Amino acid sequence: MNNIVAIVGRPNVGKSTLFNRLIQRREAIVDSVSGVTRDRNYGKSEWNGKEFSVIDTGGYVRGSDDVFEGEIRKQVELAIDEADVIVFVVDVEEGITPMDETVAKLLRKVTKPVLLAVNKVDNAMREKDAVEFYNLGLGDYYTFASISGSGTGDLLDALIDAFPEKPEVVEEEKVLPRFAVVGRPNAGKSSFINALIGQDRFMVTDIAGTTRDAIDTKFDRFGFEFNLVDTAGIRRKAKVKEDLEFYSVMRSVRAIEHADICILVIDATRGFESQDQNIFWLAVKNRKGVVILVNKWDLVEKDTMSSRDYAEKIKKELLPFTDVPILFVSALTKQRLLKALVASVQVFENRQQRISTSKFNEFMLKVIEAYPPPATKGKYVKIKYCMQLPSPTPQFVFFANLPQYVKEPYKRYLENKIRENWDFEGVPIDIYIREK
C-alpha cells in the first residue's frame, strides 16, 4: 500500500487548497467560510517518482457545541490514526491561535512524523513573521503559499524524506495477485474466507459491520499463491452514519482499487439488490476481474431450475456485461467453495491473457467482413487492421478510415465476437476505434 499523508489544522488555514495542489485537481471545495470540508477527501499524488495518498480533513475544533464540528473532530482523529505522515497547516497572517495550540498539543502525543507547514508566506516580511511558530514545540517549520504554490517543493521534499521505510513484505504483496472479497454487510464474506483457510481468522457475528478493516491473508491452493483480502461491507452512502463505518467503506473501496480480482459475495436470501449492483459496477469501472458468489444457498428453498433462474435474473441486472461466472455456495456447509476459488483463479488468468496480432487479425477481419459497420451519411467505414494493446487489462484497438462513425452497438458486437472466440469470462474489455 502507498504511504498516506493527512493534512490537518484548524478551520480556514488553506488545507483544501494545499490538497488540491498536491493531487493537481480541484476536488476539495474551497471557501473562505470555515467548516466547508466535513468528510475526509482522498486523493493520489506523486513527487520525485514516489506515489502517496493524501487525506484532506475538516478543520479541527475542540470545545464547540456545533454537531458538525464534533463529527469533523472525530474524522480528523481517524485520519491521524490512518496516516504515515501528518502535515499540520497554520496561517502566518493570524499567527498562533489557541486552536493551533490545541492541535499542536494533540500532535505532540503522536509518534508519527509531523511537518509544520506555515501557509500564506509569499514575501520576506511574512518569512520573518513565521519564526513565532517555533513556540508550538514541533521543531522546524516549512513556509509556503498554497494559492501560488511557492515553497511547496521544499515541503514535498521533506514529506518524501519523512516517509517510514516499508518492510519487504510490501514488495511481496505487489507481486502476489490480490483477490478482494467484497459485498454488502453481513453477506458472509468473513465466513467464506474462514471456511477456505479452515480456521477462524476473522471475527464473524450476525451484526452487520463486524469487519472494520481490509485484511490480507496469504493463500496457496493448486500451486497458485495469492492474497485474499477480507473487506468491510459496503453500504449506500445514505446508510453510512457512524464514523467507523465511513472509515470501513473507504478501506473497502481502496481494497477494490488495489485488487486484481473482486469476489462479490451476495446473500441468496436477499437477492441481487441495488447495492450489490453498485459494488459490481465499481469493480468493473476499476477494470477488475469479477466473480459473483451467491452465498447462503443452503437456506433457499429450490427446485431443479432454481439456480439457473436465479443466475438469469442476476445477468439481466448486469446488462450489457453478462459474461461473469456466477456460483452458488454456502460458507456454512462449505458447498462449492473450492469451485469458487478455481473460478477466481481462472478469471485472473483470463485477465492476463494475450492474443497474438496475427491470430487476432485472422479471426476478427473475417468477422468484420461478414458484418461491416453500418454506413452513415452514405459513407462506408472500413476496418483493415486490429490488435491487442500492451496494457495490464484486456484492451483492443481497431484502425478504421472513419472511426467517428463506429457507434457503441457495433463496439459491443466486436466485444461479443472476441468473447465467443477467446475466454474473457469475468473480465471487462475495452474496445477503441482509431484512425488508421
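Small disclaimer: the values here were computed from a predicted structure and weren't measured. (Residues numbered from 1 in each chain as written. Predicted model: local features only at pLDDT ≥ 70, side-chain atom pairs only at ≥ 80, totals over all residues. Heavy atoms only, no water.)

1. Observations concerning empty space enclosed by the protein
With the rule as written, the count across this model stands at 2 cavities of 30 Å³ or more. One number sums up the size of the largest cavity: a volume of about 60 Å³. Around the largest cavity, the lining residues are Arg184, Pro185, Asn186, Ala187, Val265, Ile266, Asp267, Arg270, Gly271, Glu273 and Asp276. Top contributing element to the lining of the largest cavity by residue count: strand 10 (residues 261–267), with 3 residues. Tallied by class, the residues present in the lining of the largest cavity amount to 4 nonpolar, 2 polar and 5 charged. (1 Å grid on protein atoms, 1.4 Å probe; cavity = no way out; pocket = protein on both sides within 12 Å on 5 of 7 lines; lining within 4 Å. Points joined across faces, edges and corners; volume = space filled by probe spheres on them. Helix = DSSP H or I, 4+ residues; strand = E, 2+ residues; numbered from the N terminus. Nonpolar A, V, L, I, M, F, W, Y, C, P; charged D, E, K, R; others polar.)

2. Details of the nonpolar core
Of all hydrophobic cores here, the largest spans 28 residues; its most connected members are Leu264, Phe280, Ile292, Val294 and Ile314. Secondary-structure elements contributing two or more residues to this core are strand 7 (178–183), helix 8 (243–258), strand 10, helix 9 (274–285), strand 11 (289–295), helix 10 (306–318) and strand 12 (326–328). Sequence-distant contacts of isoleucine 314, defined by excluding residues within four places in its chain, comprise Ile266, Phe272, Ile292, Val294 and Ile326. Among the nonpolar cores identified, the runner-up in size contains 25 residues, and Ala195, Val265, Val345 and Phe348 belong to it. (Core = buried A, V, L, I, M, F, W, Y, C linked by side-chain atoms within 4.5 Å. Buried < 20%, exposed > 50% of the residue type's maximum accessible area, 1.4 Å probe, protein only. Contact = heavy atoms within 4.5 Å.)

3. A look at the packing of helix 12 (residues 357–370) against helix 13 (residues 408–421)
Relative orientation of the contacting elements helix 12 and helix 13 amounts to 135°, with a least axis distance of 11 Å. When the axes of helix 12 and helix 13 are compared, the pair comes out oblique. Every pair of crossing elements has a handedness; the one defined by helix 12 and helix 13 is right-handed. For the pair formed by helix 12 and helix 13, the contact residues are Phe360, Phe363, Met364, Val367 and Ile368 on the first element and Tyr410, Tyr413, Leu414, Lys417, Ile418 and Asn421 on the second. Considered class by class, the residues forming the contact of helix 12 with helix 13 number 9 nonpolar, 1 polar and 1 charged. (Axes fitted to C-alpha atoms, helices over the stretch in contact; angles between N-to-C directions. Parallel < 35°, antiparallel > 145°, perpendicular 65-115°, else oblique. Left-handed = near helix turned anticlockwise from the far one by under 90°.)

4. Observations concerning the pattern of salt bridges
As enumerated under the stated definition, the model contains 13 salt bridges in all. As a salt-bridge pair, aspartate 100 and arginine 10 come within 3.0 Å of each other at their nearest N and O atoms. Taken together, the residues aspartate 100 in helix 3 (residues 98–108) and arginine 10 in the loop between strand 1 (3–8) and helix 1 (15–23) connect sequence positions 90 residues apart. As far as burial versus exposure is concerned, aspartate 100 and arginine 10 are alike and both buried. In this structure, glutamate 408 engages lysine 411 in a salt bridge whose closest nitrogen and oxygen atoms are separated by 3.6 Å. Residue glutamate 408 and its partner lysine 411 are located together in helix 13, separated by 3 residues, close to a single helical turn. Ionic contacts of the salt-bridge type, sharing partners, join the residues Arg10, Glu94 and Asp100 into one network. (Salt bridge = Lys/Arg side-chain N within 4 Å of Asp/Glu carboxyl O.)

5. Description of helix 3
Buried within helix 3 we find Asp100, Val103, Ala104 and Leu107. Seen along its axis, helix 3 keeps its buried residues to an arc of 100°; they face one direction. Opposite its buried face, helix 3 presents the exposed residues Pro98 and Lys105, each directed more than 90 degrees away. (Arc of directions from axis to C-beta.)

6. Focus on the sheet that holds strand 14 (residues 395–400)
The strand order 13-14-15 describes an open sheet built from 3 strands, whose pairing is mixed. Edge positions in the open sheet fall to strand 13 (383–388) and strand 15 (430–435), since each of these has one partner strand only. Strand after strand, the sheet turns through a mean of 20° between neighbouring axes, direction not considered. Taken strand by strand, helix 12 contacts strand 13 and strand 14, and its axis lies near 140° from that of strand 13. Across the sheet, helix 13 is in contact with strand 13, strand 14 and strand 15; its angle to strand 15 comes to roughly 120°. (Pairing = 2+ DSSP bridges.)

7. Concerning the confidence of the model for the protein chain
Fine structural detail should not be taken from predicted coordinates in areas where pLDDT scores are low. Predicted confidence across the protein chain gives a mean pLDDT of 77, with 75% of residues reaching 70 or more. With pLDDT under 50 throughout, residues 27–40 is counted as low confidence; its partners more than four residues away or in other chains account for 41 contacts. In the predicted structure, residues 240–248 sits below a pLDDT of 50 and forms 23 contacts with residues beyond four places in sequence or in another chain. (pLDDT = per-residue confidence, 0-100.)

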